[in-house]
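# What the coordinates show
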Amino acid sequence: MKRIIVNILITLIFLTGLGVLLYPAVSDYVNKKNSSRAIASYDQSVEEIGEEDYTQWMLDAASYNEYIASFASLGGATTAEEEREDSPYEGLLDVTGHGIMGSIRIPCIKVDCPIYHGTSEAVLQVAVGHYQGSSLPIGGESTHAVLTGHRGLPSARLFTDLDRLEEGDIFYIKVLGDILEYQIDQIQTVLPAEVDSLGVVPGEDYVTLVTCTPYGINSHRMLIRGTRIPYDGGYEEEVAMKPAPLDSDVPEDQQGNGFSTRQWVIFGALAFGASIGAGLLIPSKKSGEKGADQNGETDNGSRDRKTKDRKKKKQKKKDRKEKDSSGQDRLGDDSRGDATGTDGENDQDKKISSSSMTEKKEGSHDKKEK
């Protein structure tokens, strides 16, 4: 029993370590599957709307962008939106009713995520968020959409590899079925409060991607701005993963989507330790047979002892019965002897009495003769 418990503990430790090792990769895979389903659902809903509805969705979004462009800075527009009780923001471009306004695709770093309204933590844990107070990502002159995403999450990569992007790289925005292409023209690192570069620039069509940096410290913000260029039809094309720069702030063992060398080493150590532990503690077939034979011999010996004990008990019981029977026989003989002795005494008394009577009769006869 003790050996079984130890084996169970070793198995649990191995499975726990394996789960910790696989969690980032498995979780990221699941998140990508969920993102793909969300994007597909949004695209399907867009295909089902009529031409008039599509036009109205776009007019509402364009009207909102004109309102945002009237502010001198992103901070002013954001404050006004937060204080505005009748803001239509949450419902704009939300065809599915699930808060999705479109999607972003960055082929060279394998990013394909839905874009949700707002930048709440619930949104940023699974997808890319649109910064309220910036333009909606429908393109057009005097628009500047700001999209934010996390880096370094154990459950999803999202914008983790954004530091691999360089000026000239391409990303795509898809909204209401329209695909907009942007080429990166500026990359900068700023403090969180430095948002002057995120405001609307008259006549320009910008989208800026924002994430935290340095990796794991998050004291600054990385701003990667793209400017609108004509769509080249390459949205669906597969592109090789861009390698990390030599000065990347992402740890080497966390770069890319596969297992790192350290992860494989840990997995190998866990597997080796579990196999060694199992080999030492789980009995082999021969030892199991030997143990079974020993157990069999022990069981046979135990049965023999029990049989002997039963025989001894029976013999003792038999001896007691014979002893009791012998004692009763002796008592019977004594009784018979006592009875015989009494009868003899009675006969002798009778003889003496008879002799006395005879003597008395002879004496009486002699007297008569005299």
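We now turn to the structure provided with this report. Bear in mind that the values here come from a model prediction, so they are computed numbers and not experimental data.

## Brief notes about the environment of Tyr42
Its location among the elements puts Tyr42 in helix α1 (residues 2-48). Assessed through its relative accessible area of 2%, Tyr42 is described here as buried. Excluding anything up to four places from it in sequence, Tyr42 contacts Leu93, Val95, Thr96, Ile100, Met101, Gly102, Val175 and Leu176. Engagement of the side chain of Tyr42 in a polar contact is seen with the backbone oxygen of Leu93, the distance being 3.3 Å.

## Quick look at the environment of Val239
Among the secondary structure elements, Val239 is positioned in the loop between β8 (220-229) and α5 (261-281). Note on Val239: relative accessible area 36%, which makes it partly exposed. For the pair Val239 and Pro107, spaced 132 residues apart in sequence, the C-alpha to C-alpha distance is 5.7 Å. Residues in contact with Val239, not counting those within four places in the same chain, are Pro107, Cys108 and Lys110.

## Comments concerning the pairing of β8
Relative to β8, strand β6 (residues 178-190) runs antiparallel, the two sharing 9 bridges. Note that in β8 the partner of Gln186 across the bridge is Arg225. Here strand β7 (residues 205-213) hands over to β8 after 6 residues, with Gly216 in that stretch at a positive phi of 85°.

## Some thoughts on helix α3 (residues 74-83)
Buried residues of α3: Leu74, Ala77, Thr78, Ala80 and Glu81, and no others. Looking straight down α3, one finds that the buried residues subtend no more than 165° of arc, so they occupy a single side. Opposite the buried face of α3, by more than 90 degrees, sit the exposed residues Glu82 and Glu83. The inward-facing, buried residues of α3 contact α2 (51-69).

## Some words on a positive patch on the surface
A cluster of like positive charges, contributed by Lys308, Arg310, Lys311, Lys312, Lys313, Lys314, Lys316, Lys317, Arg320 and Lys321, occupies part of the molecular surface. Mapped onto the elements, Lys314 comes out in helix α6 (residues 285-369).

## Concerning the packing of aromatic side chains
In the structure shown here, the tally under the stated rule is 6 aromatic pairs. Taking the centre distance of 5.3 Å and the plane angle of 90° together, the rings of Tyr67 and Phe71 count as edge-to-face. Looking at Phe71, the relative accessible area reads 24%, which means it is partly exposed. On the numbers, 5.7 Å between centres and 85° between planes, the contact of Tyr172 with Tyr235 is edge-to-face. Taken together, the residues span a long stretch of sequence, with Tyr172 in strand β5 (residues 170-175) and Tyr235 in the loop between β8 and α5 at a distance of 63 residues. Both residues of the pair, Tyr172 and Tyr235, belong to the buried class. An aromatic cluster of at least three residues, connected via ring pairs, comprises Tyr64, Tyr67, Phe71 and Tyr89. The lysine or arginine in question, Arg84, covers the ring of Tyr67, its NZ or CZ lying 4.5 Å from the ring centre.

## Structural notes on the sheet that holds β7
The sheet built from 8 strands closes into a barrel, its strands ordered β1-β2-β3-β4-β7-β8-β6-β5 with mixed pairing. Going across the sheet, the axis of each strand differs from the next one's by a mean of 30°, ignoring polarity. As paired strands, strand β3 (residues 128-130) and strand β4 (residues 143-148) are joined by 2 bridges and run antiparallel to one another. Bridge assignment links Gly129 to a residue of β4, and that residue is Thr148.

## What to know about the packing of α2 against α3
Running from N to C, α2 and α3 cross one another at 120°; their axes reach a closest spacing of 9 Å. The angle between the axes of α2 and α3 places the two elements in the oblique class. From α2, Tyr64, Tyr67 and Ile68 reach across to α3, where they touch Ala77, Ala80 and Glu81. Across the contact of α2 with α3, the residue classes tally to 5 nonpolar, no polar and 1 charged.

## Some remarks on the nonpolar core
Counting 46 residues, the largest nonpolar core has Ile104, Ile106, Leu162, Phe171, Ile173 and Leu209 as the members making the most contacts within it. Other than its neighbours up to four places away in sequence, Ile104 contacts Val111, Asp112, Cys113, Ile115, Val128, Leu147, Phe171, Tyr172, Ile173 and Leu209. In this structure, Leu74, Val190, Val210 and Leu223 belong to the second largest nonpolar core, which totals 6 residues.

## Re the pairing of strand β2 (residues 111-117)
Counting buried residues in β2 gives 6 out of 7 residues, a clear majority hidden from the surface. Across 6 bridges, strand β1 (residues 100-106) lies against β2 in antiparallel orientation. Opposite Ile100, over in β2, you have Tyr116 as the bridge partner.

## Notes on the pattern of salt bridges
In the structure shown here, the tally under the stated rule is 14 salt bridges. Glu81 is the salt-bridge partner of Arg84, the closest N and O atoms lying 3.1 Å from each other. The class for Glu81 is buried, based on a relative accessible area of 2%. In this structure, the salt-bridge partner of Arg105 is Asp112, at a minimum N-O distance of 3.4 Å. The partly exposed category is assigned to Asp112, whose relative accessible area is 31%.

About the thresholds
- Residues numbered from 1 in each chain as written.
- Predicted model: local features only at pLDDT ≥ 70, side-chain atom pairs only at ≥ 80, totals over all residues.
- Heavy atoms only, no water.
- Helix = DSSP H or I, 4+ residues; strand = E, 2+ residues; numbered from the N terminus.
- Buried < 20%, exposed > 50% of the residue type's maximum accessible area, 1.4 Å probe, protein only.
- Contact = heavy atoms within 4.5 Å.
- Polar contact = N/O pair within 3.5 Å; in protein donor to acceptor, adjacent residues only side chain to side chain.
- Pairing = 2+ DSSP bridges.
- Arc of directions from axis to C-beta.
- Patch = residues over 30% accessible without salt bridge, like charges linked within 9 Å, V, L, I, M, F, W, Y side chains within 5 Å.
- Areas by Shrake-Rupley, 256 points an atom, 1.4 Å probe, with all protein chains shown as cover.
- Salt bridge = Lys/Arg side-chain N within 4 Å of Asp/Glu carboxyl O.
- Lys, Arg positive; Asp, Glu negative; His and termini not counted.
- Charge placed at Lys NZ, Arg CZ, Asp CG, Glu CD.
- Phe/Tyr/Trp six-rings, centres within 6.5 Å; stacked < 30°, edge-to-face > 60°.
- Lys NZ or Arg CZ within 6 Å of the ring centre and 35° of its normal.
- Axes fitted to C-alpha atoms, helices over the stretch in contact; angles between N-to-C directions.
- Parallel < 35°, antiparallel > 145°, perpendicular 65-115°, else oblique.
- Nonpolar A, V, L, I, M, F, W, Y, C, P; charged D, E, K, R; others polar.
- Core = buried A, V, L, I, M, F, W, Y, C linked by side-chain atoms within 4.5 Å.

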